[in-house]
Amino acid sequence: MSRTSKADIFAALQSDILRLQGFKPSSHIQVDAGLGPLIEAFPNATFPLGAVHEFRFEKIEDSAATNGFLSGLLSNVIAEHGTILWISATRTLFPPALKNYGLQPDRCIFIDLKNQKEVMWAMDEALKCGALSAVVGEVNEIDFTASRRLQLAVEKSQVTGFIILPEEKKINTTACVSRWKITALPSTTIDDLPGIGIPKWKVELLRIRNGKPGVWELELRKGKFEQSINPSAETLKRNTESIQQTA
Amino acid sequence: MSTYIAIWFLHLNTDWFSLRQPVLKTLPLVLRTPSHGRMVITSTNAVAESKGIRKGMVLADARAIIPDLQIIDDQADLPQKLLRRIAEWCIRFTPIVAVDLPDGLLFDASGCSHLWGGDEAYVGDIVKRLTQRGYNIRVALADTPGAAWAVARFGNDSLIIPKGKQLEAILPLPPEALRLDVENCERLHKLGFHQIQQFINLPRASLRRRFGQQVLTQLDKVLGSEVEFLDPVIPVVSYQERLPCLEPIITVTGIEIALQELLTMLCLRLQQDQKGVRTAIFKSYRVDGKIEHVEISTNRPSHHVKHLFKLFELKLSSIEPALGIELFVLEASKVEDHFSKQEKMWEDTGGLDDIRLAELLDRIASRVGMYAIHRYVPAEHYWPERSFKKANSLQEELTTSWRTDKQRPLQILRRPERIEVTAPIPDYPPMLFIYKGRIHKIVKADGPERIEQEWWLQQGQHRDYYHVEDESGHRYWLFRLGHYHDKIFQWFIHGYFS
């Protein structure tokens, strides 16, 4: 009996901490992020909206994978008529392809700027605007102060922000709620058919505030993310390690 | 009731030359211009005219009459320049001043004369001030611009026509007073119509048959049954607010207070008229005579003080007050209908119609420019670069749907880049490709998808696209330009799949 009450107290305390850290429980809208097994990694098993997420990529090919994963995620978490602002100084995104991930390309507004300073300014302004569903920014680097400013902006407006930036040797501490790394994996073939099958990604959740980081292999099937049927040995090993750690 | 004033400059060009060289005032002076191989007089001054020299005479004839005639070359655009300058100076009499080429000005003087204490004093002041400047003028006042024009040039006795008496005033005038073309005037004179009263009562149908519509239109304009519009030298801005300062303003805080004040006044007026600003100009008149401009524009009409202030705020730093600013003027140069919506109890998030989104884009546009903001709609083309186009507005609806039947890469190179390729059999996907010095071994591939050139838009070779995956799991979009057996084909990389 004392055991259960203790667990209850822990849960209550944890949710208190979350609230004090500026995370409002997104109570009025419960979104299904379509993340499949990954959802367990988040606090309260809900994808944190109204926060800033950070995506790192190593190579240009992986930035395409990051965009793909992000588009799939966005199509699940934003409202049906939501507007997305895509802010970038070096945009290579091909708008018509977003439709394949369930996003309406005409509901995206692209802001193409000249330099990083303008991107950060526009990002800050956009995150304060409650009319948007999500803001995606492509930047080169971000320091703690800048990320803190973005986090403060979203706490007020409840807009969800995503920053895509290249991997660096020494990564600055940021105030972002999570850090992700998406890498492309060989696609899953369907029934041994020739050609390219369903794209597969290695999704590394490197950091998540009050959650459990981990590694997953995910595929996008019918708009939802699903665990890959035959994950590679490396991922399996990392997964068991992380489970052991948390245990 | 409207009141108009016509000013006739009897010797506009020669008066100007005499102003620059006062000695010419007492001498007979003409301006000349070459025409059909001889010199023709285009303007004369009063002295020359009294000796019988008229416009249009050949210079040699005039020399025969007055041997010591002063001659200056005419400048074609002189009257226009002079009249414009005088018109701008005449803003002191009325806000609406129009240039009436070749030798006059027209004022819309409605509601102005009482400031001078009556029509006589008003006209008197105009005559006095312009005569002091050295111009020989006649000024007439009437209910219509046409009547004022006629009386100024051809009227004999009183030049101030009482209200509603323009018909009586023009009766004894010659047909030229109606601003007709030369042909019609000659024809009227030939038929014995030397005064307007001789033909004004003829049936309109016969007048139209013999002289055309022009006579009737001009008569209507003079009598006021047809409205004549003036083209003011300084267009009147209907939404304008002014804020003069007791002492010159030199601080940013001061400028901000002034702007806030002006915006509040302007937006109140706009709100009452259900209008919203599309473009607005904030002018600061400096003590040293320079004017500092700041201009903003919005995506959709707005009369939201806070929003407009934010737009201006981004640009206020470009105002240089120097010794101080003594007058602030805020003009809404472009306004559109803006109907206020009923307030909602809860805000709906998301839509493209959201006013907060429009305000955000305004702020971005005013800082980095409108060109930075893009929204795309599908276009009906297979050629990848043309499969989407820029939308004109946030509200533009889709005319066709986005295609999902063909795989398209999520990232595309601005222009395709050359790659080295090894391909085993014609039309088979390549075995490997080298891009930026790295060898990619292809494991899986889809294709080819042939996309033909749209010959009505662009000439060139077709593209055969392949969707390939290398051994590390990265996916690419490659294409071959041209047929394999042509020997001049080239391979390119065009994009990255996720």
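As the structure is a prediction and not an experimental result, all values here were calculated from the model. Residue indices follow the written sequence of each chain, beginning from 1 at its first position. Here chains are named by letter from A upward and ligands by number from 1 upward, in the order in which they appear as written. Whole-chain, interface and lining totals are the exception, using all residues; otherwise, since this is a predicted model, local features are given only for residues with pLDDT of at least 70 and side-chain atom pairs are given and counted only at 80 or more. Side-chain metrics rest on all non-hydrogen atoms present in the structure, leaving aside hydrogens and water.

Draft legend 1. Representation of the nonpolar core. Only buried Ala, Val, Leu, Ile, Met, Phe, Trp, Tyr and Cys residues count toward a nonpolar core, and they belong to the same one when joined by side-chain atoms within 4.5 Å. Residue burial is assigned from relative accessible area. The probe radius is 1.4 Å, only protein chains are included, and a residue is buried under 20% of its type maximum, exposed over 50%, and partly exposed in between. Judged by nonpolar contacts, the single largest core of 54 residues is most densely connected at Phe47(A), Phe69(A) and Trp180(A). Counting residues per element, this core draws most heavily on helix 2 (residues 60-77) of chain A, which supplies six residues. Helix and strand labels come from DSSP, where a helix needs a run of H or I of at least four residues and a strand needs a run of E of at least two; each type is numbered from the N terminus.

Draft legend 2. Fine view of the sheet that holds strand 4 (residues 70-73) of chain B. All names here are of chain B. Pairing between two strands requires that DSSP report at least two bridges joining them. If you trace the three strands from one edge of the open sheet to the other, you get 3-2-4, paired in mixed fashion. Edge positions in the sheet fall to strand 3 (38-44) and strand 4, since each of these pairs with one other strand and no more. For this sheet, the mean angle separating the axes of adjacent strands, direction not counted, is 45°. Orientation is described by axes fitted as lines to C-alpha atoms, over the contacting stretch for helices, and by angles from 0 to 180 degrees between their N-to-C directions.

Draft legend 3. Up close: the interface of chain B and chain A. Contacts: residue pairs with any heavy atoms within 4.5 Å of one another. The interface is formed by 52 residues belonging to chain B together with 55 residues belonging to chain A. Together chain B and chain A conceal approximately 4,600 Å² of surface at their shared face, both sides included; 61% is due to carbon and sulfur atoms. Accessible surface is computed with a 1.4 Å probe, and the buried area is the amount of it that two parts give up when combined, taken over both parts together. Interface area lost by chain B to chain A is led by Trp402(B), Leu410(B) and Gln411(B), which between them contribute 16%. Salt bridges are defined by distance alone: a side-chain nitrogen of Lys or Arg within 4 Å of a carboxyl oxygen of Asp or Glu. Our enumeration of links across chain B and chain A arrives at two salt bridges. A salt bridge links Asp106(A) to Arg375(B), with the nearest nitrogen and oxygen atoms 3.8 Å apart. We call two N or O atoms a polar contact when they sit within 3.5 Å, provided that within protein one can donate a hydrogen and the other can accept it, with sequence-adjacent residues counted only if both atoms are side-chain atoms. Linking chain B to chain A there are 20 residue pairs in polar contact (both at pLDDT 80 or more). Among the elements that take part in the side of chain B that touches chain A, helix 13 (residues 355-368) of chain B stands out by supplying eight residues, more than any other. All residues other than Ala, Val, Leu, Ile, Met, Phe, Trp, Tyr, Cys, Pro, Asp, Glu, Lys and Arg, Gly among them, are scored as polar; the first ten of these are nonpolar and the last four charged. A breakdown of the residues in the side of chain B that touches chain A according to their chemical character gives 25 nonpolar, 13 polar and 14 charged.

Draft legend 4. Local environment of a positive patch on the surface. All names here are of chain B. Note that patches include only residues with greater than 30% relative accessible area and no salt bridge, and the join distances are 9 Å for like charges and 5 Å for nonpolar side chains (Val, Leu, Ile, Met, Phe, Trp, Tyr). Computed by Shrake-Rupley with a 1.4 Å probe, the accessible areas treat only the displayed protein chains as cover when residues are assessed. By the counting scheme adopted, Arg and Lys are positive, Glu and Asp are negative, and His together with the chain ends is not counted. Where a charge lies is defined by one atom per residue type: Lys uses NZ, Arg uses CZ, Asp uses CG and Glu uses CD. There is a patch of like positive charges on the surface, built from Lys-81, Arg-85, Arg-92 and Arg-133. By secondary structure assignment, the location of Arg-133 is in the loop between helix 5 (119-132) and strand 7 (137-142). Among the residues examined, Arg-133 registers a relative accessible area of 36% and is labelled partly exposed.

Draft legend 5. The arrangement of unusual backbone geometry in detail. Residue Pro102(B) follows Leu101(B) across a cis peptide bond; omega there is 5°. With respect to the secondary-structure elements, Pro102(B) resides in the loop between strand 5 (96-100) and strand 6 (104-108). Backbone geometry places Lys222(A), a non-glycine residue, at a positive phi of 50°. By the secondary structure assignment, Lys222(A) is in the loop between strand 8 (214-221) and strand 9 (224-227). With a relative accessible area of 87%, Lys222(A) lands in the exposed category.

Draft legend 6. Quick look at a nonpolar patch on the surface. All names here are of chain A. A cluster of nonpolar side chains, namely Ile-9, Phe-10 and Leu-13, defines an oily patch on the protein surface of about 320 Å² accessible area. Its place among the elements puts Leu-13 in helix 1 (residues 2-20). A residue is classified by how much of its surface remains accessible, and Leu-13, at 46% relative accessible area, is partly exposed.

Draft legend 7. The arrangement of the sheet that holds strand 1 (residues 52-57) of chain A in detail. The sheet built from ten strands is open, its strands ordered 9(A)-8(A)-7(A)-6(A)-1(A)-5(A)-4(A)-2(A)-3(A)-12(B) with mixed pairing. On the outer flanks of this sheet lie strand 9 of chain A together with strand 12 (373-374) of chain B, each paired with one strand and no other. For strand 1 of chain A and strand 6 (residues 178-188) of chain A, the ladder comprises four bridges, and the chain directions are parallel. Considered in strand 6 of chain A, the bridge of Glu54(A) is made with Arg179(A). Those strands touched by helix 2 of chain A are strand 1, strand 2 (84-88), strand 4 (134-138), strand 5 (160-166), strand 6, strand 7 (198-208), strand 8 and strand 9 of chain A, and its axis lies near 105° from that of strand 6 of chain A. Against the sheet, helix 13 of chain B contacts strand 2 and strand 3 (108-112) of chain A together with strand 12 of chain B, and its axis sits at roughly 15° relative to strand 3 of chain A.

Draft legend 8. Summary view of the packing of helix 3 (residues 116-127) of chain A against helix 4 (residues 144-157) of chain A. All names here are of chain A. One can describe the packing of helix 3 onto helix 4 by two numbers: an axis separation of 8 Å at closest approach and a directional angle of 20°. Here helix 3 is positioned roughly parallel relative to helix 4, judged by the angle of their axes. Considering only the axes of helix 3 and helix 4, their crossing is left-handed. Every residue of helix 4 that contacts helix 3 at Met-120, Met-123, Asp-124 and Leu-127 is listed here: Ala-146, Arg-149, Leu-150, Ala-153, Val-154 and Ser-157. Each residue belonging to the contact of helix 3 with helix 4 can be placed in one class, and the counts come to seven nonpolar, one polar and two charged. The cut-offs work like this: below 35 degrees is roughly parallel, past 145 is roughly antiparallel, 65 to 115 is roughly perpendicular, and the gaps in between are oblique. By definition, turning the near helix anticlockwise from the far helix through less than a right angle yields a left-handed crossing, and turning it clockwise yields a right-handed one.

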